[in-house]
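Descriptive analysis of the structure
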Amino acid sequence: MDRDDERRALTRRELLRLAGAGATTALLGCGDDDTSADASLGDGGEDAGLSGGGANDASTDDAGTDAGERPAGDPESLVESDAFGLGVASGDVRADGAVLWTRYDGSDALHVRVWRMEGETYAALVHEADVTPADGGFVHVDVPLPQAGARYRYAFVEGEGDATQRSPIGRLRAAFEATTLAPLVIGAVSCTRNGRSFGTLERAGMRDDFDTFLLLGDTTYADGAVSLADYRGKWAENLATPGYRALRAATSVYASWDDHEIDNNWDPETIAPAQFRAALDAFFEHTPARRLSESPDRIWRSARWGQTLELFVLDCRSERRPSTRRTDDATYVSAEQLAWLQRGLSESTAVFKVVMNSVGISDFPLLLDAGSNDRWEGYPAQREALLRFLDEANVPGLLWIAGDFHFACLGHVGRDEAALGWNQWEVLVGPGAQVGNPLSSSCRPPQFPFATRENNYTDLAFDPASGEVTIRWIDADGAAFATQTIRP
Ligand SMILES: [Fe+2]
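The structure contained in this document is the topic of the report that follows.

Rules and cut-offs
Along each chain, the written sequence defines residue order, and numbers are assigned to residues from 1. Per-residue local features of the predicted model are confined to residues with pLDDT of at least 70, and side-chain atom pairs are confined, for both listing and counting, to 80 or more; whole-chain, interface and lining totals are unaffected and use all residues. In DSSP terms, a helix is any run of H or I states spanning at least four residues, a strand is any run of E spanning at least two, and both are numbered starting from the N terminus. To sort residues by exposure, count the other C-beta atoms lying within 10 Å of each residue's C-beta; 20 or more gives buried, 12 or fewer gives exposed, and values between give partly exposed, all with C-beta atoms placed from the backbone. Here, residues touch in the contact sense if the C-beta positions derived from the backbone fall within 7 Å of one another. The axes are straight lines fitted to the C-alpha atoms, using for helices just the contacting stretch, and the angles between their N-to-C directions are given from 0 to 180°. When describing relative orientation, an angle under 35 degrees is termed roughly parallel and one over 145 degrees roughly antiparallel, while 65 to 115 degrees is termed roughly perpendicular and anything else oblique. Crossing chirality is assigned from the near helix's rotation relative to the far helix, an anticlockwise turn below a right angle marking it left-handed and a clockwise turn marking it right-handed. Three classes are used, and their members are as follows: Ala, Val, Leu, Ile, Met, Phe, Trp, Tyr, Cys and Pro are nonpolar, Asp, Glu, Lys and Arg are charged, and the others, Gly among them, are polar. Paired strands, in this sense, are two strands between which DSSP finds at least two bridges. A helix's residues, less one, multiplied by 1.5 Å, set its expected span. Within this analysis, the arc is defined by the directions that extend from the helix axis to the C-beta atoms. Definition of nonpolar core: a set of buried Ala, Val, Leu, Ile, Met, Phe, Trp, Tyr and Cys residues joined via C-beta atoms within 7 Å. Bear in mind that the domain bounds are from an automatic or database domain assignment.

Considerations on the overall build of the chain
Within the chain, the regular secondary structure consists of seven helices and 23 strands. Here the chain holds 488 residues, and 52% of them are scored as buried. Counted over contacts in the chain with a minimum sequence separation of 6, partners at least 24 positions apart contribute 77%.

So, in structure tokens, the structure goes:
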């Protein structure tokens, strides 16, 4: 240990002493570090190429402490600082790690701490590291989680030896190890328009039973933004709300985008490159996602929760080529993304294969066809090729999840039993905070057992023993106003 290391360790001890003042110091160790197997967040594990350290451009300044040998301390005894106006978040969770996020508006030294929980008890401090915010105060730090499937809490702590202030305390669960087959409860939402009430998110943020949460896009409505400052402003409007602060602290997220993170129904073939760059940078600045080392701007990726579930996060916006609509070469997603998705879905050994698809792929009723240019249906050659591939591969446990339409529904992808995709199910979740779309009433049985225009967040309970998924749409008062169970 050199002089700098000594100073750093002393600083940490001092921090811990202060953090633990008046707290129970249960000297527990995690011990059973069995997380080796499932680190597959990447494209099917083949060329995952994930950057190991600092997930984005913020850096972790040292390797942090080892797992399982530190007294837990009690972060709740520290005062919550007002320098974390957008709260905290975690994402891209694997069995052995997660990206932790905040935006720090202060100027003190900053540290991240992660505790393994046993119920409400801080069982052990499993990681601590100094972090340096990037431009704009954004922090993305990729932390190890020593025990797969365990629940953790984390916080960012301000200052050196006399630290007394911290960020909000965030919660997350590590993904399952590769062999685990256990139930999962996953929340989801789409479409939260700036300026509206985010009561659905506040309600979701009160729960402590989510394993993770899916953001299907239109997380912010940045329409009109051009510069990075504009986009940052739009993101901050939403993330500073009690709804987003509560939700993103309560559980980890996997995030895709839809159009409004960039502009309403934007066209990747004509958008000004500088504007797209600003929108993309702002998306990554505010999202607890890893930058893929070989392809740092790519948002499509997969994540594995043991044998229970594999999640495929699509990018259905930035790779589309509107000039190819309704041609034989229709490109809604790139050939590379399509091949990755087909390979991943057909080869996955997970019981459930869930596809995060910002805009629905179903054959929607005629009344909704006015907007079909903007979704899979506007690119029929590629849509049909994908559906045919999946029908022929007969992928069990496949579930499409989408948002965008400002109504929620459950339905068959194909219009009738003779159509492509009849055996594939799609769930629309949300809108979390939008004007409900009255065209939901045109989605009727037998293709659509359920549809509503009511604002909601959605939860999906995956039971690998029965193969069933129970979906509930829940309003801002916490009432599950609709429940559907399917066996995809
Ligand atoms: Fe929307």
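This is not the end of the story, as more comes after the structure.
Considering the packing of helix α6 (residues 335-347) against helix α7 (residues 380-393)
Two numbers describe how α6 lies on α7: the axes approach to 10 Å, and their chain directions differ by 15 degrees. One finds that α6 runs roughly parallel with respect to α7. For α6 against α7, the interelement crossing comes out right-handed. Residues L338, Q342, L345 and S346 of α6 touch α7, and the partners they reach there are Q382, L386, F389, L390 and A393. Among the residues forming the contact of α6 with α7, the class breakdown is six nonpolar, three polar and no charged.

What to know about the packing of helix α3 (residues 228-239) against helix α5 (residues 273-286)
Running from N to C, α3 and α5 point in directions that differ by 35 degrees, and their axes come no closer than 8 Å. Taken as a pair, α3 and α5 cross one another with a handedness that is right-handed. Contacts between α3 and α5 involve L228, Y231, R232, W235 and L239 from the first element and A278, A279, D281, A282 and H286 from the second. Split into classes, the residues belonging to the contact of α3 with α5 amount to seven nonpolar, one polar and two charged.

Structural notes on the sheet that holds strand β20 (residues 450-452)
In space, the seven strands of this open sheet follow the order β14-β15-β16-β17-β19-β18-β20, with mixed pairing throughout. Because the sheet does not close on itself, it has two edges, and the strands there are β14 (301-305) and β20. For this sheet, the mean angle separating the axes of adjacent strands, direction not counted, is 20 degrees. In this structure, β14 lies alongside strand β15 (residues 309-313), joined through five bridges in antiparallel fashion. Across the sheet, the residue bridging to A303 is L311, located in β15. Running over the sheet, α6 touches β14, β15, β16 (352-359) and β17 (398-403) and is turned about 170 degrees from β15.

Concerning unusual backbone geometry
Here the residue pair G430 and P431 is connected by a cis peptide bond, since its omega of 10 degrees sits within 30 degrees of zero. With respect to the helices, strands and loops of the structure, P431 is situated in the loop between β19 (425-428) and β20. The residue after P445, namely P446, is reached through a cis peptide bond having omega 5 degrees. Structurally, P446 can be placed in the loop between β19 and β20. For C191, which is not glycine, the phi torsion reads 55 degrees and is therefore positive.

Structural notes on α7
One turn of an α-helix holds 3.6 residues; hence residues three or four places apart share an orientation. The end-to-end C-alpha distance of α7 is 19 Å, a good match for the 20 Å that 14 residues give at a rise of 1.5 Å each. Every buried residue of α7 is accounted for by Q382, R383, L386, L387 and L390. Relative to the axis of α7, the buried residues are bounded by an arc of 125 degrees and lie together on one face. Opposite the packed face of α7, turned more than 90 degrees from it, sit the exposed residues R388 and E392.

With respect to the nonpolar core
Counting 126 residues, the largest nonpolar core has M356 and I401 as the members making the most contacts within it. Ranked by the residues each element gives to this core, the list is headed by strand β6 (residues 121-132), at seven residues. Formed jointly, this core draws a minimum of three residues from each of two domains, domain 1 (3-33 + 52-173) and domain 2 (184-486). In this structure M356 touches L214, L216, Y254, S256, L311, F312, V313, L314 and I401, once residues within four positions along its chain are discounted.

So yeah, pure geometry; function would need other evidence.
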